[in-house]
Number of protein chains: 2
Amino acid sequence: MKTETQNYRSKCPLSIALEFIGDKWSLIIIRDMCLGKSKYCDFQASSEGIPTNILANRLRELEENGLLVKRPYQDKPVRYEYFLTPKGADLLPVLQQLVIWTQKYVSECMAPPEDFFTIKPEDLLNRINRVGK
Amino acid sequence: MKTETQNYRSKCPLSIALEFIGDKWSLIIIRDMCLGKSKYCDFQASSEGIPTNILANRLRELEENGLLVKRPYQDKPVRYEYFLTPKGADLLPVLQQLVIWTQKYVSECMAPPEDFFTIKPEDLLNRINRVGK
DNA sequence: CCTATCACTTGCAATAAGCAAGTGATAAAT
DNA sequence: ATTTATCACTTGCTTATTGCAAGTGATAGG
């Protein structure tokens, strides 16, 4: 993951994209947010079983990289919900193509939710306005 | 990277895709093959500077996972060229979406080759028949 | 007061990445 | 014939990242 500003290994757009999301977990979190999840415990509950330290670390990095924002939904203690930014939501077409690929070549995979291929990045953005859970 | 057979952390198609290509280097190699590169030294020469041990390891894994095949182009000593399979070539739409994303959000990135968005996976497949080098 | 939950953080062992150097086969130059 | 060079790796070693388990602090409920 990229954290510090503008120091890419190359200027190839693919290579840069991989510095943002080229690991085993970042896109899993983005996926969960596409599916409507927003809280730490939601991400933790996913069937891949992300370790908690990696989850905390990735949420921080994804926020630093501008793919998501967090908003407190309670004080005492303060707890956050996480929402996709346009930059994060625009990874949806990437996810969709990855899912198409797996469905074509890996028979054991399960089907995505019914509307997964019809939703668009902008559909993911107003969730932050539907005040929190 | 996935190596051994059918033991995925979950059956989610996105998660499975990431077990194949969810790292910083595999898609760089696939990209180079999409751009017509086929030999070890070609991959090594790319501006990201892949370490040689990782390159050898990724070529082996990508082959084990059926994304590419290798074919000797000389004996004494035997040397191989690498070619995308349909399974590997069908990652092109994923690459294209990743490039679209970076171009939208990272101004410092360079432009891909002119025809990058018009080529199709099947265009990448007959290169193995245009006999070597 | 005891227990539990939630969102983390910390410690630590295991794995993977990254760098430099080495290897073996061969060809080309001296 | 010996040296030099190349190509495709492999090996060794150091550093960084992962992943598991356990701990922490704030709070709520019984």
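Residues numbered from 1 in each chain as written. Chains lettered and ligands numbered in written order. Predicted model: local features only at pLDDT ≥ 70, side-chain atom pairs only at ≥ 80, totals over all residues. Heavy atoms only, no water.

*Asks:* Explain helix α6 (residues 92-105) of chain A here, please?
*Replies:* Structural remark: α-helix, 3.6 residues per turn; residues separated by three or four positions point the same way. Here α6 of chain A is 14 residues long and its end C-alpha atoms lie 20 Å apart, about the 20 Å a rise of 1.5 Å per residue gives. Tucked into the core, α6 of chain A has its buried residues touching α2 (26-34) and α5 (86-89) of chain A together with α1 (13-21), α5 (86-89) and α6 (92-105) of chain B. (Helix = DSSP H or I, 4+ residues; strand = E, 2+ residues; numbered from the N terminus. Expected span 1.5 Å × (residues − 1). Contact = heavy atoms within 4.5 Å.)

*Asks:* How do you make sense of the protein's contact with DNA strand C when you look at a structure like this?
*Replies:* Residues in close proximity to DNA strand C total 18 residues, the closest being Tyr73 and Arg79 of chain A together with Trp25, Asn53 and Arg58 of chain B. Of all DNA strand C atoms lying within 4 Å of any protein atom, the proportion belonging to sugar or phosphate reaches 62%. One nitrogen or oxygen atom from the main chain of cysteine 41 of chain A is found 3.2 Å from a phosphate oxygen belonging to DNA strand C. Separating a base oxygen of DNA strand C from a side-chain N or O atom of threonine 52 of chain A is a distance of 2.8 Å. Residue composition of the surface near DNA strand C, by class: nine nonpolar, four polar and five charged. (Near = heavy atom within 4 Å. Polar contact = N/O pair within 3.5 Å; in protein donor to acceptor, adjacent residues only side chain to side chain. Nonpolar A, V, L, I, M, F, W, Y, C, P; charged D, E, K, R; others polar.)

*Asks:* What exactly am I supposed to notice about the nonpolar core here?
*Replies:* Across soluble globular proteins, nonpolar side chains have a tendency to be buried as a group. Core analysis: the largest hydrophobic core is formed by 74 residues, its most contacted members being Leu14, Leu27 and Ile30 of chain A together with Leu14, Leu27 and Ile30 of chain B. Residues within four places of leucine 27 of chain B in sequence aside, it is in contact with Leu14 and Leu18 of chain A together with Ile21, Leu91, Leu95 and Leu98 of chain B. (Core = buried A, V, L, I, M, F, W, Y, C linked by side-chain atoms within 4.5 Å. Buried < 20%, exposed > 50% of the residue type's maximum accessible area, 1.4 Å probe, protein only.)

*Asks:* Looking at this structure, how should I read a negative patch on the surface?
*Replies:* Residues Glu114, Asp115, Glu122 and Asp123 of chain A make up a contiguous surface patch of negative charge. Along the chain, aspartate 115 of chain A falls in the segment after α6. (Patch = residues over 30% accessible without salt bridge, like charges linked within 9 Å, V, L, I, M, F, W, Y side chains within 5 Å. Areas by Shrake-Rupley, 256 points an atom, 1.4 Å probe, with all protein chains shown as cover. Salt bridge = Lys/Arg side-chain N within 4 Å of Asp/Glu carboxyl O. Lys, Arg positive; Asp, Glu negative; His and termini not counted. Charge placed at Lys NZ, Arg CZ, Asp CG, Glu CD.)

*Asks:* Would you take a moment to explain the packing of α6 of chain A against α1 of chain B for this structure?
*Replies:* Axes are the key here: two packed helices are described by the angle between their axes and the distance separating the axes. Where α6 of chain A meets α1 of chain B, the axes come as close as 8 Å, and the angle between the chain directions of the two elements is 85°. Classed by the angle they form, the pair α6 of chain A and α1 of chain B counts as roughly perpendicular. Taken together, the residues of α1 of chain B that come into contact with α6 of chain A (itself represented by Leu95, Leu98, Val99, Trp101 and Thr102 of chain A) are Pro13, Leu14, Ile16, Ala17, Phe20 and Ile21 of chain B. Taken together, the residues that form the contact of α6 of chain A with α1 of chain B break down as 10 nonpolar, one polar and no charged. (Axes fitted to C-alpha atoms, helices over the stretch in contact; angles between N-to-C directions. Parallel < 35°, antiparallel > 145°, perpendicular 65-115°, else oblique.)

*Asks:* Got a minute to help me understand the pattern of salt bridges in this structure?
*Replies:* Oppositely charged side chains are able to pair whenever their charged atoms sit close together. The final tally for this structure, using the stated rule, is 14 salt bridges over all chains. Among the salt bridges present, the one from aspartate 32 of chain B reaches arginine 31 of chain B, with a minimum N-O distance of 3.0 Å. Within the structure, one salt-bridge network assembled from shared partners comprises Arg31, Asp32, Lys37 and Glu48 of chain A.

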